[in-house]
Amino acid sequence: MALQGILVVELAGLAPGPFCAMVLADFGARVVRVERPGSHYDVSRLGRGKRSLALDLKQPRGAAVLRRLCARSDVLLEPFRSGVMEKLQLGPEILQRDNPRLIYARLTGFGQSGSFSRLAGHDINYLALSGVLSKIGRNGENPYAPLNLLADFAGGGLMCVLGIMMALFERTRSGKGQVIDANMVEGTAYLSSFLWKTQKSSLWEAPRGQNILDGGAPFYTTYRTADGEFMAVGAVEPQFYELLIKGLGLKSDELPNQMSMDDWPEMKKKFAAVFAKKTKAEWCQIFDGTDACVTPVLTLEEVVHHDHSKERGSFITNEEQSMSPRPAPLLSNTPAIPSFKRDPFVGEHTEEILDEFGFSREEIDQLKSDKIIESNKVKASL
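Residues numbered from 1 in each chain as written. Predicted model: local features only at pLDDT ≥ 70, side-chain atom pairs only at ≥ 80, totals over all residues. Heavy atoms only, no water.

**Focus: the sheet that holds strand S6 (residues 179–183)**
Item 1. Pairing in this open sheet of seven strands is mixed, and the strands run S6-S5-S4-S1-S2-S3-S12 from one edge to the other. Across the chains shown, the open sheet's two edge strands, defined by having one partner strand only, are S6 and strand S12 (373–374).
Item 2. Pairing geometry for strand S5 (residues 103–108) and S6, over five bridges, is parallel. Residue pairing for S6: Tyr-104 is matched across the bridge by Val-179.
Item 3. Where helix H1 (residues 16–26) meets the sheet, its contacts fall on strand S1 (7–11), strand S2 (30–35), strand S3 (50–55), strand S4 (75–78) and S5, and the angle it forms with S1 comes to roughly 165°. (Pairing = 2+ DSSP bridges. Helix = DSSP H or I, 4+ residues; strand = E, 2+ residues; numbered from the N terminus. Contact = heavy atoms within 4.5 Å. Axes fitted to C-alpha atoms, helices over the stretch in contact; angles between N-to-C directions.)

**A short note on the sheet that holds strand S7 (residues 220–224)**
Item 1. Across the sheet, which stays open at both edges, the three strands sit in the order S7-S8-S9 with antiparallel pairing between neighbours. Unpaired on one side and paired on the other, S7 and strand S9 (294–296) mark the two borders of the sheet. Taking each pair of neighbouring strands and ignoring which way they run, the sheet shows an average axis angle of 25°.
Item 2. Pairing of S7 with strand S8 (residues 230–234), which is carried by five bridges, proceeds in the antiparallel orientation.

**Examining helix H6 (residues 150–174)**
Item 1. For H6, built from 25 residues, the straight-helix expectation of 36 Å at 1.5 Å per residue is met to within 8% by its first-to-last C-alpha distance of 33 Å.
Item 2. At Met-159, H6 shows its largest kink, close to 30°.
Item 3. Looking at the residues trailing H6, positive phi occurs at Gly-175, about 75°. (Expected span 1.5 Å × (residues − 1). Bend = angle between axes of the 7 residues up to and from the residue.)

**Here we look at the pattern of salt bridges**
Item 1. What the rule picks out here adds up to 20 salt bridges.
Item 2. The residue Glu-356 makes a salt bridge to Arg-51 at a minimum N-O spacing of 2.9 Å. Residue Glu-356 is found in helix H14 (residues 350–356), and its partner Arg-51 is found in strand S3; the two are separated by 305 residues along the sequence.
Item 3. By relative accessible area, which is 37% here, Glu-356 ends up partly exposed.
Item 4. Accessibility expressed as a relative area gives 17% for Arg-51, which makes it buried.
Item 5. Across the salt bridge formed by Lys-269 and Glu-266, the nearest N and O atoms sit 3.5 Å from each other. (Salt bridge = Lys/Arg side-chain N within 4 Å of Asp/Glu carboxyl O. Buried < 20%, exposed > 50% of the residue type's maximum accessible area, 1.4 Å probe, protein only.)

**Topic: the nonpolar core**
Item 1. Ranked by size, the top nonpolar core spans 29 residues in total, and within it Cys-160 and Ile-164 carry the most contacts.
Item 2. For this core, the secondary structure elements donating two or more residues are H1, S4, S5, H6, S6 and helix H7 (184–191).
Item 3. No other element matches the six residues that H6 contributes to this core.
Item 4. Residues contacting Ile-164, with those up to four places away along its chain left out, are Cys-20, Leu-24, Val-75, Ile-103, Ala-105 and Ile-180. (Core = buried A, V, L, I, M, F, W, Y, C linked by side-chain atoms within 4.5 Å.)

**Points about the packing of H6 against H7**
Item 1. Closest axis-to-axis distance for the H6/H7 pair is 8 Å, and the angle between their directions is 95°. Classified by the interaxial angle, the pair formed by H6 and H7 is roughly perpendicular. Across from Leu-150, Ala-151, Asp-152, Ala-154, Gly-155, Gly-156 and Met-159 in H6, the residues of H7 making contact are Met-184, Gly-187, Thr-188, Tyr-190 and Leu-191.
Item 2. Taken together, the residues that form the contact of H6 with H7 break down as seven nonpolar, four polar and one charged. (Parallel < 35°, antiparallel > 145°, perpendicular 65-115°, else oblique. Nonpolar A, V, L, I, M, F, W, Y, C, P; charged D, E, K, R; others polar.)

**Quick word on helix H2 (residues 60–70)**
Given 3.6 residues per turn, any residue in an α-helix points the same way as the ones three and four places further on.
Item 1. Regarding H2, the residues found buried are Gly-62, Ala-63, Val-65, Leu-66, Leu-69 and Cys-70. The buried residues of H2 occupy an angular sector of 155° when the element is viewed end-on, so they sit on one face. (Arc of directions from axis to C-beta.)

**Quick notes on the environment of Val-297**
Item 1. Mapped onto the elements, Val-297 comes out in the loop between S9 and helix H12 (300–303).
Item 2. In the structure, Val-297 is positioned 45 residues away from Ser-252 in sequence and 26 Å away in space, judged by C-alpha atoms.
Item 3. Setting aside anything within four residues of it in sequence, one finds Val-297 in contact with Thr-222, Phe-230, Met-231, Ala-232, Lys-280 and Glu-302.

**Some points on the environment of Thr-350**
Item 1. Among the structural elements, Thr-350 can be located in helix H14.
Item 2. For Thr-350, a relative accessible area of 0% gives the class buried.
Item 3. Residues Thr-350 and Leu-55 lie 295 residues apart in sequence; the distance between their C-alpha atoms is 8.2 Å.
Item 4. Those residues in contact with Thr-350, other than ones at most four positions away along the chain, are Ser-52, Leu-53, Ala-54, Ile-373, Glu-374 and Ser-375.
Item 5. Within polar-contact distance, the side chain of Thr-350 engages the backbone oxygen of Glu-374 at 2.7 Å. (Polar contact = N/O pair within 3.5 Å; in protein donor to acceptor, adjacent residues only side chain to side chain.)

**Some points on unusual backbone geometry**
Item 1. Note that the residue after Ala-328, namely Pro-329, is joined by a cis bond; omega there is 0°.
Item 2. Its place among the elements puts Pro-329 in the loop between strand S11 (323–325) and H14.
Item 3. For Arg-45, which is not glycine, the phi torsion reads 55° and is therefore positive.
Item 4. You can see Arg-45 is positioned in the loop between S2 and S3.
Item 5. Judged by relative accessible area, Arg-45 falls into the exposed class, the value being 53%.

**Describing the packing of aromatic side chains**
Item 1. For the structure on display, the rule yields nine aromatic pairs.
Item 2. Judged by centre distance (5.6 Å) and plane angle (90°), the ring pair of Phe-219 and Trp-264 falls under edge-to-face. Taken together, the residues Phe-219 in the loop between helix H8 (193–197) and S7 and Trp-264 in helix H10 (residues 264–275) connect sequence positions 45 residues apart.
Item 3. The class of Phe-219 is buried, set by a relative accessible area of 0%.
Item 4. Using a relative accessible area of 2% as the deciding quantity, one classes Trp-264 as buried.
Item 5. Look at Tyr-223 and Phe-271: their rings are 6.3 Å apart centre to centre, the planes differ by 65°, and that puts the pair in the edge-to-face class. Of this pair, Tyr-223 sits in strand S7 while Phe-271 sits in helix H10, placing them 48 residues apart in sequence. (Phe/Tyr/Trp six-rings, centres within 6.5 Å; stacked < 30°, edge-to-face > 60°.)

So this is what it looks like as structure tokens:
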């Protein structure tokens, strides 16, 4: 795989960090997840392909253990607020002095500097400060966050993956690691570059929820079907819009111009009345295989059984029969080979990892006795 031979130390955190490290593991990196002793499991459920080490970083001897791990690692991924790692004597100055090749990835909400850098927050807060949240919502309603995907996983976790990959590539030339300041506010803002670059275009001339791409247009929204399901419509271009009108059984010469914004509210009502006359399955029979840009809104249960998903093998099943999306993108020569094993228990590989990093049996036993580490090896059931 593409990242074969890369060793990553991930300090346990919530969703964005675990996702970032899981992507690296999916593409071949060896990932050690460092978790607090006494914690029960990764609440994000993103431990695929990782091994777990339970280590108390608040103890100086625990911090010393991490330093030894980082001295032989390629990447450290840490999710704490600005200043936390420095208080633990684990800041980049110290760890990169031990290992100049170390890539020190810092994944936070607000970044390493600025007045918000030491404050708590969640996806909706980062999305709000990025400016993007102000653009999402129906006409006349409050802005709303599209789950916790944009800031946490796109602007945060995935943007951090990109930073790590670029730092790894640059290291092939300089031989040196570097510090990555990945944060969800700026990552999400960067994702929204299209919004910034098109601010003065006709795409966004109306208030939120009344534009072409934010639910205002009758040809770019969702409609309820006769069975209470939904269809998504994205027929923006004229040639696709004509196919939409044809599929709905309407006549173009009896309708207002597609781009007549004043007529959009009434057009939405007309389209809604038509969509409500047939079931989702019936609309799929009409629009599947056409360029009308009309697709069913699939549930997570439905998408794994959809023909396109099955034809591409888009979803995988682990040994616990839990399904999840296959890693993306597909690489022709070195594709990801995700682990099909269950996620690790906290501390399941503690002793195994320390042994690999050169800790003696006596050192491991002492660390265990002094509660610096925790080992939860799985016992075989006979």
